Amino acid sequence: MQALIFDCDGVLVDTERDGHRVSFNEAFAELGIDCVWSVERYGELLLTAGGKERMRRHFDETGWPAGTEDRDALIATIHKRKTAIFMRLIEEGSLPLRPGIARIVDEAVANGITLAVCSTSNEKAVQAVVDVMLGPERSEKIRVFAGDVVAAKKPAPDIYNLAARTLGLDPGHCVVIEDSNNGLRAAKAAGMHCVVTISSYTGEEDFSLADRVVDDLDAGNVDISFCRALIDA
């Protein structure tokens, strides 16, 4: 086993419902945009990877705010404010790590296994989650690949391919922890093994491609020995 790679939202922290959704709604309100994403609507939008892409889809489906002249500029403005709000929530410690994350990171470090996070979310937000929630000693050992660093987001394998190339990894010797069908498909398309930890929005998704599906890492007894067994199978 060469590497353990995590998605961020829904894997490190169950951020989607009470983190990103809340941050988007606060940003909409601050900018005078008549838009509130309900729990149900945000669940629908999660089928589209990336916050900017979700906003574009929503406005395409429901109508753009009155007076919008430059759609790209509007999306960028909202997303910048939303990211700042989300980072504040993280820094306040409002969203705890999911069970087993700190444990398996420490196991990986003790075994000399490379650690990375591959996410479609904003790089600053992902780095904030890693820095604040996992702490500086763990954070300095984790490489973050996030945001618009690749052209095609999950379910395309681009971000996992980038991590493998950059870190000199054999994809077949990597284990990914994901929580969504999009992420699972991306990891598998990159030739990596994948364990799914179901999050608040993903319980009904198709995980038939997964090497294992668990409620969380502790409940599923997922540790480094288990990950090594996946690779050796």
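First things first, this report covers the structure right here in the doc. Worth saying up front: this structure is predicted, and the values here are computed from it rather than measured. Within every chain, residues take consecutive numbers counted from 1 along the sequence as written. In keeping with the model being predicted, local features are shown solely for residues with a pLDDT of at least 70 and side-chain atom pairs are shown and tallied solely at 80 or more, while totals for entire chains, interfaces and linings include all residues. Note that the side-chain values use all heavy atoms of the structure and ignore hydrogens as well as water.

### Remarks on the pairing of strand E4 (residues 174–178)
Where burial is concerned, most of E4 is hidden: 5 out of the 5 residues are buried. Burial along E4 is two-sided: Cys174, Val176 and Glu178 and Val175 and Ile177, pointing in opposite directions, are all buried. In terms of strand pairing, E4 meets strand E5 (residues 193–197) through 4 bridges, oriented parallel. In the strand pairing of E5, Glu178 is matched with Val196. The buried label applies to any residue whose accessible area, calculated with a 1.4 Å probe on protein chains only, is under 20% of its type's maximum; exposed applies above 50%, and partly exposed to all values in between. Note on conventions: DSSP H or I runs of at least 4 residues are helices, E runs of at least 2 residues are strands, and numbering of each starts at the N terminus. By the convention used here, strands pair only if DSSP detects at least 2 bridges between them.

### Digging into the sheet that holds strand E1 (residues 3–6)
Think of a sheet as strands paired side by side through backbone hydrogen bonds, with each pair either parallel or antiparallel. Across the sheet, which stays open at both edges, the 6 strands sit in the order E3-E2-E1-E4-E5-E6 with parallel pairing between neighbours. Of all strands in the sheet, those bounded by a partner on one side alone are strand E3 (142–146) and strand E6 (212–214). Direction aside, neighbouring strands of the sheet carry axes that sit 20° apart on average. Most of the contacts of helix H6 (residues 123–134) go to E3, to which it runs at about 155°, and overall it touches strand E2 (114–119) and E3. With respect to the sheet, helix H9 (residues 181–189) is in contact with E4 and E5, its orientation differing from that of E5 by roughly 170°. Orientation is described by lines fitted to C-alpha atoms, with helices fitted over the stretch in contact, and by angles between N-to-C directions that extend from 0 to 180 degrees. Contact between two residues is taken to exist if any of their heavy atoms lie within 4.5 Å; hydrogens are not considered.

### Remarks on the environment of Glu123
Mapping Glu123 onto the fold places it in helix H6. Residue classification places Glu123 among the partly exposed residues on the basis of a relative accessible area of 45%. For the pair Glu123 and Phe145, spaced 22 residues apart in sequence, the C-alpha to C-alpha distance is 7.2 Å. Those residues in contact with Glu123, other than ones at most four positions away along the chain, are Ala146 and Gly147.

### Some remarks on the environment of Asp216
Inspection of the secondary structure puts Asp216 in the loop between E6 and helix H10 (224–232). With a relative accessible area of 16%, Asp216 lands in the buried category. Taking the C-alpha atoms as reference, Asp216 lies 7.2 Å from Gly100; in sequence the two are 116 residues apart. Those residues in contact with Asp216 that sit more than four places away from it in its chain are Arg98, Pro99 and Thr197. For the purposes of these results, a polar contact is taken to be a pair of N or O atoms within 3.5 Å, where, inside protein, one atom must be able to donate a hydrogen and its partner to accept one; residues adjacent in sequence count only when each atom of the pair is a side-chain atom. Within the structure, Asp216 has its side chain in polar contact with the backbone nitrogen of Ala219 (distance 2.7 Å).

### Some points on H9
For H9, the set of buried residues is Asn181, Asn182, Gly183, Leu184, Ala186 and Ala187. The inward-facing, buried residues of H9 abut helix H8 (158–167), E4 and E5. Remark: Gly191 follows H9 within two positions and exhibits a positive phi of approximately 85°.

### Comments concerning the packing of aromatic side chains
Stacked, tilted and edge-to-face are the three classes applied to pairs of Phe, Tyr and Trp rings, where Trp contributes its six-membered ring and a pair requires centres within 6.5 Å; stacked means planes under 30 degrees apart, edge-to-face means over 60, and tilted covers the rest. Taken as a whole, this structure holds 8 aromatic pairs when the rule is applied. With 5.1 Å between their ring centres and 80° between their planes, Phe28 and Trp37 make a pair best called edge-to-face. Neither residue differs from the other here; Phe28 and Trp37 are each classed as buried. Members of the aromatic cluster, each reached through a chain of ring pairs, are Phe24, Phe28, Trp37, Tyr42, Phe59, Trp64 and Tyr201. The ring of Phe24 is capped by Lys82, whose NZ or CZ atom sits 4.8 Å from the centre of that ring. A positively charged side chain is recorded as over a ring if its NZ (Lys) or CZ (Arg) lies within 6 Å of the ring centre. The angle to the ring normal must also be within 35 degrees.

### Thoughts on the pairing of E1
The side chains of a regular strand alternate, residue by residue, between the two faces of the sheet. Burial along E1 is two-sided: Ala3 and Ile5 and Leu4 and Phe6, pointing in opposite directions, are all buried. By the bridge criterion, 4 bridges tie E1 to E2 in an arrangement that is parallel. In the sheet register, Ala3 faces E2, and the bridge partner there is Thr114. For E1 and E4, the ladder comprises 4 bridges, and the chain directions are parallel.

### Focus: the nonpolar core
Here the nonpolar core consists of buried residues drawn from Ala, Val, Leu, Ile, Met, Phe, Trp, Tyr and Cys, with membership extended through side-chain atoms lying within 4.5 Å. Of all hydrophobic cores here, the largest spans 38 residues; its most connected members are Leu4, Phe6, Leu12 and Val117. Among the secondary structure elements, those contributing two or more residues to this core are E1, helix H4 (71–91), helix H5 (101–110), E2, H6, E3, E4 and H10. Of all the elements, H6 adds the most residues to this core, at 7 residues. The residues contacting Phe6, other than those within four sequence positions of it, are Val11, Leu12, Ile101, Ile104, Val105, Leu115, Ala116, Val117, Cys118 and Ile177. Ala116, Val150, Ala163 and Cys194 belong to the second-largest nonpolar core, a separate cluster that totals 23 residues.

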